Amino acid sequence: MNTRTMLRCGVALCLALLAPLAPAACLTVEAEPNNSDKAATTGLCSGTGVSGTIASSTDVDWYQLELTGPGAISVHLAHDSGIDLDWYLYKASGNYVAYRSTASNPETGSYSAGAAGTYYLRVKSYTGSGRYTLGVTFPGATGGGGGGGGATPCILPSAVNLGKTGNPTPKATITSGGVVLMGGGTDVDAAIQWMNARSGGGDLIVLRSTGTNAYNDYIYGLGGVNSVQTLLITSAAQANNACVVQTIKNAGALFMAGGNQADYINYFKGQGVGAALNYLMNTKQAPVGGTSAGMAILGQYYHPGGAEVATALQNPTAIAIGNNFLSSSSLTNLVTEPHFIERLRQPRLAAFLASTLYNYGVTWQSVRGVSADEASALAIDANGAGRAFGSGKVNFVRATGAAETLSPGAPLTWLVGQRALQVYEVPATATGSNTFNMGTWTGTGGVTRYWSINNGKLTIH
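Described in the following lines is the structure provided in the data block. None of the values given here were measured: they were computed from a predicted structure.

**Focus: the side chain of Asn-278**
Part 1 of the argument: As for its position among the elements, Asn-278 is in helix α7 (residues 272–283).
Part 2 of the argument: Polar contacts involving the side chain of Asn-278 include one to the main-chain amide nitrogen of Ser-327, which spans 2.8 Å.
Part 3 of the argument: In this structure Asn-278 touches Thr-283, Phe-325, Leu-326 and Ser-327, once residues within four positions along its chain are discounted.

Now the structure itself:
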């Protein structure tokens, strides 16, 4: 190994470097180029997981750690299956002082630092290339929930933090992306276990704007996660709290409880929590799910709540539909509807689709709808492959032609030869044996039906 020269700085700069970072500054994604110690990525916080990629067998990623005092440096490197990544820890000068180069996944180890100072961590490939999540705890700046050797920790507002069940120490893991759409009522154990498994054994956050922490023990008891913590967000100010945002970004999975979807839109969209949710879904590729109101806002298009089934088709262009709160490739052009058969919401879903066509100019060929009965859930992996878990049905709705009458103040007429909307009804099962592909819009185990609307009245064929 080459010997490197100690970095020097003035007193003011050194003090700034050694000062604890604010939670919002915590690194969560590696910043290229970081292929040498001199270009090392900074901003690493104790207890905050960092997502990165080794792009080739010769790629290396360097990170800089600033220790504020003596103590243990513990490293946890989890990576994609089928590859083998290693890590090496260095002082500011000299050869490495600790490393892990085994076939284990994750690669874990620690080093006892005798004093404050600068350290470097190098991640490299032994075999193959792919994603990794790096978690380091050390005496220094901390993020959401991390241990920090005397530095000021990230502290959640007491009104927001409803407590945690499980391991109090956060765990950085490799996650697998996915979405769970749950129809409300009785929770579907198998769908939550599916989501837990895709967290990589990490920390699951329950997000809600009303209610208690009752999900903590229930979800943790299903197994597969390091901890479950509930955050209660009741204002935009709380949604922009740096520690709240950081805690969500650290999660291995997130589940949005039921309630009022208008609260989620008002408090989360365009705020720090909204950005953190999109980070989980698109950058970190962690599973995100929701039930009832939590399901209702997961599609690209969403209804903020309040539309009446009896009148929805009388003037669908006036029904408020929102756009682009959350982004997922599997849910593009999609409207979602929970509590489906229990509340006979066929007219509502048809009206939502019509409103999307009129108010956003979406073509009839593109617009889609997914509904779920209570005690039913659709689990969609990162490739768009879905499985229907539970005991009710999940419906997949698409248009077969343009509406004949879709104009302001007028009842909807959407006939297309009595086959305006094609509905594929998929029975949910305990094992998720019936499937649906969101990309090809085809499934197994279901039955095809058709809906038509004449002068504001829906008929099922």
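Let's pick the thread back up.
**Quick word on the sheet that holds strand β8 (residues 130–137)**
Part 1 of the argument: Spatially, the four strands line up as an open sheet ordered β1-β8-β3-β6, and their pairing is antiparallel. Two strands bound the open sheet, and with one partner strand each, they are β1 (50–54) and β6 (107–113). When the angles between neighbouring strand axes are averaged without regard to direction, this sheet yields 25 degrees.
Part 2 of the argument: In this structure, β1 lies alongside β8, joined through five bridges in antiparallel fashion.

**Some details on the state of the cysteines**
Part 1 of the argument: Throughout the structure, instances matching the rule amount to one disulfide.
Part 2 of the argument: Bridging Cys-26 to Cys-45, the disulfide has an S-S length of 2.3 Å. One disulfide, between Cys-26 and Cys-45, carries an S-S torsion of -90 degrees and so falls in the left-handed class. Separated by 19 residues along the polypeptide, Cys-26 in the loop between α1 (11–18) and β1 and Cys-45 in the loop between α1 and β1 bring together distant segments of the chain.

**Section: empty space enclosed by the protein**
Part 1 of the argument: Evaluated as defined, the whole model comprises two cavities of 30 Å³ or more.
Part 2 of the argument: Space inside the largest cavity adds up to approximately 40 Å³.
Part 3 of the argument: Gln-261, Ala-296, Tyr-302, His-303, Val-335, Thr-336, Glu-337, Pro-338, Arg-348 and Phe-352 are the residues that line the largest cavity.
Part 4 of the argument: For the lining of the largest cavity, the secondary structure elements donating two or more residues are β17 (334–337) and α9 (346–360).
Part 5 of the argument: For the lining of the largest cavity, the leading source of residues is β17, giving three residues.
Part 6 of the argument: Broken down by class, the residue content of the lining of the largest cavity amounts to five nonpolar, three polar and two charged.
Part 7 of the argument: Here the second largest cavity defines a volume of roughly 30 Å³.
Part 8 of the argument: Around the second largest cavity, the lining residues are Gly-49, Thr-133, Lys-171, Ala-172, Thr-173, Asn-250, Ala-251, Gly-252 and Lys-284.
Part 9 of the argument: Looking at the lining of the second largest cavity residue by residue, the class counts come to two nonpolar, five polar and two charged.

Reading guide: rules and limits
Residues numbered from 1 in each chain as written. Predicted model: local features only at pLDDT ≥ 70, side-chain atom pairs only at ≥ 80, totals over all residues. Heavy atoms only, no water. Helix = DSSP H or I, 4+ residues; strand = E, 2+ residues; numbered from the N terminus. Polar contact = N/O pair within 3.5 Å; in protein donor to acceptor, adjacent residues only side chain to side chain. Contact = heavy atoms within 4.5 Å. Pairing = 2+ DSSP bridges. Axes fitted to C-alpha atoms, helices over the stretch in contact; angles between N-to-C directions. Disulfide = S-S within 2.5 Å. 1 Å grid on protein atoms, 1.4 Å probe; cavity = no way out; pocket = protein on both sides within 12 Å on 5 of 7 lines; lining within 4 Å. Points joined across faces, edges and corners; volume = space filled by probe spheres on them. Nonpolar A, V, L, I, M, F, W, Y, C, P; charged D, E, K, R; others polar.

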